[in-house]
Amino acid sequence: MEEFDTIIIGSGVAGLATAICLARAGQKVLVLEQHYVPGGWSHSFTLNGQRFSPGVHYVGLIDENQSTNELYRGLGIANDMVFFRMNKKGYEHGIIGEETFSFPAGIDNLTKVLVDRFPKEEKNIIEYLTLVQRVNRELQLIPKLKGFWQNITVPFRTKHFGKFSLFPLKRVIGWHIKDPLLKAVLNVQCGDHGLSPKRACFPVHCSVMNHYFDGGFYPMGGGGGIVKAMTNGVKKFGGEVRVKQNVEKIIVENNKAIGIQLEGGKTIYAKNIVSNADPSITYLKLIGENHLSKGLIKKLQKTKYSVTSLILFLTLDMDVTQFGIDSGNIWMMKDENDDANFEDLMNNDITEGELFPAVFISCTTIKDPVSFNGRYHNFEVVTYVNYDNLKDFNGLDDYHNAEYTAFKEKVVKKLMNNIEKIIPGAKQNIVQAELGTPKTNEFYINSTKGNVYGTEKTLNQVGPFSYKNKSEIDNLFLCGASTLSHGVGGATHSGLAAAAKILGCTSEDLIIEDASQKLRIYDAEDQSTWPDWVHVKRSDKKRTFKEVKIN
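Computed from a prediction, not measured in an experiment: that's the story for all the values here.

## Let's talk about the overall build of the chain
Then step 1. Scanning the chain from terminus to terminus reveals 19 helices and 19 strands.
Then step 2. In terms of C-alpha radius of gyration, the chain reaches 23 Å, essentially the compact-globule figure of 24 Å for 551 residues.
Then step 3. Viewed in the frame of its principal axes, the chain has a C-alpha envelope of about 65 × 60 × 50 Å.
Then step 4. The 551 residues of the chain split such that 58% are buried.
Then step 5. Entry remark: accessible area of the chain is about 23,600 Å², with carbon and sulfur atoms responsible for 51%.
Then step 6. For the chain, the distance from the average site of its 64 positive side-chain charges to the average site of its 62 negative ones is 4 Å.

Listed below in C-alpha cells is the structure:
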C-alpha cells in the first residue's frame, strides 16, 4: 500500500507550487496528472515539430525585485527559467476597428502615450490610472493587515477599494473617461479575465492592468518552460510527479479525506489531499454530494464558470515581421463597442459571419526567439465562446465525427479571415492550422465546460466569495484559479496559500530568500542582449530544420 504525506490532484502551476513548498518542508509528496504531460493550462505541446502553449501568453512583474520574480526565486526555481521581454513600446496592441493603440512598458510611458493620443482626456487619464494603482495597492494590503488596530482602520487604509469595489468596470470607467475609443483601449485587457466591462469586477481588472504596467514577458519554451522548472523543483526536494493518472475519486471517511482511487481501482493514501481541479470537478465528481454540506451544495449550484475558448494553433511559412508583427500580443476588436462584441461571441452562432468580433493573437516564435527555426512562425489565435451555446457533439462515442470536423473547418476559415486583416496572404502560406475547441479543453485540462479562468470573475465570486483553500472536509484543500486568483501568477500564489494552510504558516514564510537564485531576462527582439547559448540554439534549429512542408 502506497502512502504519502500529501497527494496533489492536478499539475497546473498551483498544484506544482503546493508540491514544491510541501516537499521542501520535508513532506513526502505525490502529484497526479491525468494528461500525458504536466502543467494544466500552462503546458506546452508540439504539432509536427512546432511548439504551442494554449494558456500562457505573457507574464508580468518579472523584472528584478518585482513580485513574480521574487516568487520564482523564493520557490528555488529561478535558475531554471529564462524570460524574454516583449516589445517595450508595445507588449500589447489593441486593434479596435481601424484604430491601433500600443501599450508601452512603464506607467509613465503609458500615461504619456494615452495623453498624446487623447489630449482632451489628460486629466481623466491621470486620475483613472492613479485610481487603478491605488485600488490594486489596497487590494494587496488587505490580507496583510493584522491585529486589532490595523483591522479597525481598514476603511481608512483601503478607502479607494471600498468606494469602487462594488461596481463593475463599465460603471467606474464611465465615471472617469468619456471618449468611447479611449474606454475601449483601457478595457481591452478584459480578455485576461474573460468578461465584458459591464460584468467585469473593477478590482480584478485593476489587478490585471497593474500586473502588466511594467510590460509583458514570455518564458523560453512557452508555458512548458515554467512547468519544467516547477516539476524539476518538485523532484529536487524529493517529490514525485506522475502523468496519465486519472483520479476517479477522493476517499472520504468520517468527513476526512484519507486518499484517492485511480481509474482501474488502485488506491493511494495520504494525510492531506490537495485538489488543483476546479470546485465542481473536485466536490461533485471526485467526492460526491453525500459528503457535502447543504451550504456547499447550494454554492456549487450557483457557481458560474468563466468562458471557454476556441484556439487556433497556426504555423505560417512567411516573414510576418514585414506586416509589423512583433513580440507584442494583439487584441483585435471589431469596434469600440466591447460589451456588444462580447455579447456577440456569447450569444450568436459562431460559425456564421465572416469575422469574429474579438480575437487575441500571439506570435510565439517572435516572443521566444529560441523556438524560431528561421522560416516558420507559430501563432495562437484565441476567441471566447459560450459553452452552453455550442452544439453538443456527444452524439457518438467519439465526438470527432463529420459534423464536428465541419464545425472546426468553418471556425478555422473565419479565424483566418481575422488573421488576413493584419497578415495579407496568410491563407496561402498555411503550413498547419489545428483548432482546439471546448471539447479539447475538457479532454486535456479536465475543466468544467472547458472553462479558461476557473470560476467567473464577477464580484460575487471573487475575494471573500471565492472558494477557500481549506475545505469543509478535514485534510482536503483546494488550489488554483477558483481560489485566490487566476493567471499564471495568481494560480501560483494560490498554491503557496494551500501549502501554508497545511504547514500552519503564511505564504510569505514559503518564499525563501536565496541569493543564488536569479531569473535570466533578455529582450525578445534585441539580439545584442542574448547570451551566446541563445544564438547557438537558434543556429542549431536552423541546421536541423528540413525545407519540407508539413502535411
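## A closer look at the pairing of strand E7 (residues 99-103)
Then step 1. Direction of pairing for strand E6 (residues 92-96) relative to E7: antiparallel, over a ladder of five bridges. Within E7, the residue paired with Gly 94 across the bridge is Phe 101.
Then step 2. In this antiparallel pair of consecutive strands, E6 and E7, the connection spans two residues, and Gly 97 shows a positive phi of 65 degrees.

## Considering the pairing of strand E16 (residues 376-385)
Then step 1. Of all 10 residues in E16, 10 are buried, a share of seventy percent or more.
Then step 2. Along E16, one buried face is formed by Tyr 376, Asn 378, Glu 380, Val 382 and Tyr 384 and the opposite face, lined by His 377, Phe 379, Val 381, Thr 383 and Val 385, is buried too.
Then step 3. As defined by bridge partners, strand E13 (residues 308-317) adjoins E16 across 10 bridges and the pair is classed as antiparallel. Across the sheet, the residue bridging to Leu 314 is Phe 379, located in E16.

## Examining the pattern of salt bridges
A side chain with one charge can pair with a side chain of the opposite charge if their charged atoms come near.
Then step 1. With the rule as written, the count across this model stands at 19 salt bridges.
Then step 2. Residue Glu 343 is joined to Lys 198 by a salt bridge in which the shortest nitrogen-to-oxygen separation is 3.9 Å. Of this pair, Glu 343 sits in helix H14 (residues 338-347) while Lys 198 is found in the loop between helix H9 (180-187) and helix H10 (202-212), placing the two residues 145 residues apart along the sequence.
Then step 3. A relative accessible area of 41% places Lys 198 in the partly exposed class.
Then step 4. Among the salt bridges present, the one from Glu 434 reaches Lys 408, with a minimum N-O distance of 3.0 Å. Of this pair, Glu 434 sits in strand E17 (residues 430-436) while Lys 408 sits in helix H16 (residues 402-422), placing them 26 residues apart in sequence.
Then step 5. On the basis of relative accessibility, which here comes to 37%, the residue Glu 434 falls in the partly exposed class.
Then step 6. When salt bridges that share partners are traced, they join Glu 2, Glu 240, Arg 242 and Lys 266 into one network.

## Side note on the nonpolar core
Then step 1. Judged by nonpolar contacts, the single largest core of 86 residues is most densely connected at Leu 114, Leu 129, Phe 379 and Ile 423.
Then step 2. Residue contributions to this core peak at seven residues, all from H16.
Then step 3. Leu 129 has contacts with Ile 107, Leu 110, Thr 111, Leu 114, Leu 186, Met 209 and Phe 213, leaving out every residue within four places of it along the chain.
Then step 4. The next biggest cluster of nonpolar side chains, apart from the first, holds 41 residues, and it includes Val 241, Phe 477, Ala 500 and Leu 510.

## Some words on helix H13 (residues 294-302)
The α-helix advances 3.6 residues per turn, and as a result positions three or four apart in sequence lie on the same side.
Then step 1. Along H13, the residues that are buried comprise Leu 296, Ile 297 and Leu 300. Within H13, the buried residues cover an arc of 100 degrees as seen down the axis, which keeps them to one side. Of the exposed residues in H13, those oriented more than 90 degrees away from the buried face are Lys 294, Gly 295, Gln 301 and Lys 302.
Then step 2. Structurally, H13 contributes buried residues whose contacts are with helix H12 (279-287).

## Some thoughts on the sheet that holds E7
Then step 1. Taken together, the seven strands give an open sheet; going across it, the order is E7-E6-E14-E15-E16-E13-E17, and neighbouring strands pair in mixed fashion. Bordering the open sheet on either side are E7 and E17, each of which pairs with just one other strand. Taking each pair of neighbouring strands and ignoring which way they run, the sheet shows an average axis angle of 15 degrees.
Then step 2. Direction of pairing for strand E15 (residues 358-363) relative to E16: antiparallel, over a ladder of four bridges. Among the inter-strand pairings, Ile 361 is bridged to a residue of E16, identified as Val 381.

## A few points about the packing of aromatic side chains
Pairs of aromatic rings are described using the distance from one ring centre to the other and the angle between the two planes.
Then step 1. As enumerated under the stated definition, the model contains 18 aromatic pairs in all.
Then step 2. With centroids separated by 6.2 Å and ring planes inclined at 70 degrees, the aromatic side chains of Tyr 384 and Tyr 453 adopt a geometry described as edge-to-face. Taken together, the positions of Tyr 384 in strand E16 and Tyr 453 in the loop between helix H17 (438-445) and strand E18 (476-478) put the pair 69 residues apart, joining distant regions of the chain. Each member of the pair, Tyr 384 as well as Tyr 453, is classed as buried.
Then step 3. Of the aromatic side chains, those joined through ring pairs into one cluster are Tyr 58, Tyr 91, Phe 101, Phe 103 and Tyr 212.
Then step 4. Over the ring of Phe 356 we find Lys 414, and its NZ or CZ is 4.4 Å from the ring centre.
Then step 5. In this structure, Lys 470 packs its charged tip against the face of Phe 477, placed 5.4 Å from the ring centre.

## Remarks on the packing of helix H8 (residues 169-176) against H9
Then step 1. Contact pair H8 / H9: the axes reach a minimum separation of 11 Å and the direction vectors enclose 135 degrees. Of the possible angle classes, the one that applies to H8 and H9 is oblique. As H8 runs across H9, the sense of the crossing is right-handed. Within the contact between the two elements, H8 uses Leu 169, Ile 173 and Gly 174 and H9 uses Lys 183, Leu 186 and Asn 187.
Then step 2. Residue composition of the contact of H8 with H9, grouped by class: three nonpolar, two polar and one charged.

Definitions and cut-offs
Residues numbered from 1 in each chain as written. Predicted model: local features only at pLDDT ≥ 70, side-chain atom pairs only at ≥ 80, totals over all residues. Heavy atoms only, no water. Helix = DSSP H or I, 4+ residues; strand = E, 2+ residues; numbered from the N terminus. Rg over C-alpha atoms; globule rule 2.2 N^0.38 Å. Buried < 20%, exposed > 50% of the residue type's maximum accessible area, 1.4 Å probe, protein only. Areas by Shrake-Rupley, 256 points an atom, 1.4 Å probe, with all protein chains shown as cover. Lys, Arg positive; Asp, Glu negative; His and termini not counted. Charge placed at Lys NZ, Arg CZ, Asp CG, Glu CD. Pairing = 2+ DSSP bridges. Salt bridge = Lys/Arg side-chain N within 4 Å of Asp/Glu carboxyl O. Core = buried A, V, L, I, M, F, W, Y, C linked by side-chain atoms within 4.5 Å. Contact = heavy atoms within 4.5 Å. Arc of directions from axis to C-beta. Axes fitted to C-alpha atoms, helices over the stretch in contact; angles between N-to-C directions. Phe/Tyr/Trp six-rings, centres within 6.5 Å; stacked < 30°, edge-to-face > 60°. Lys NZ or Arg CZ within 6 Å of the ring centre and 35° of its normal. Parallel < 35°, antiparallel > 145°, perpendicular 65-115°, else oblique. Left-handed = near helix turned anticlockwise from the far one by under 90°. Nonpolar A, V, L, I, M, F, W, Y, C, P; charged D, E, K, R; others polar.

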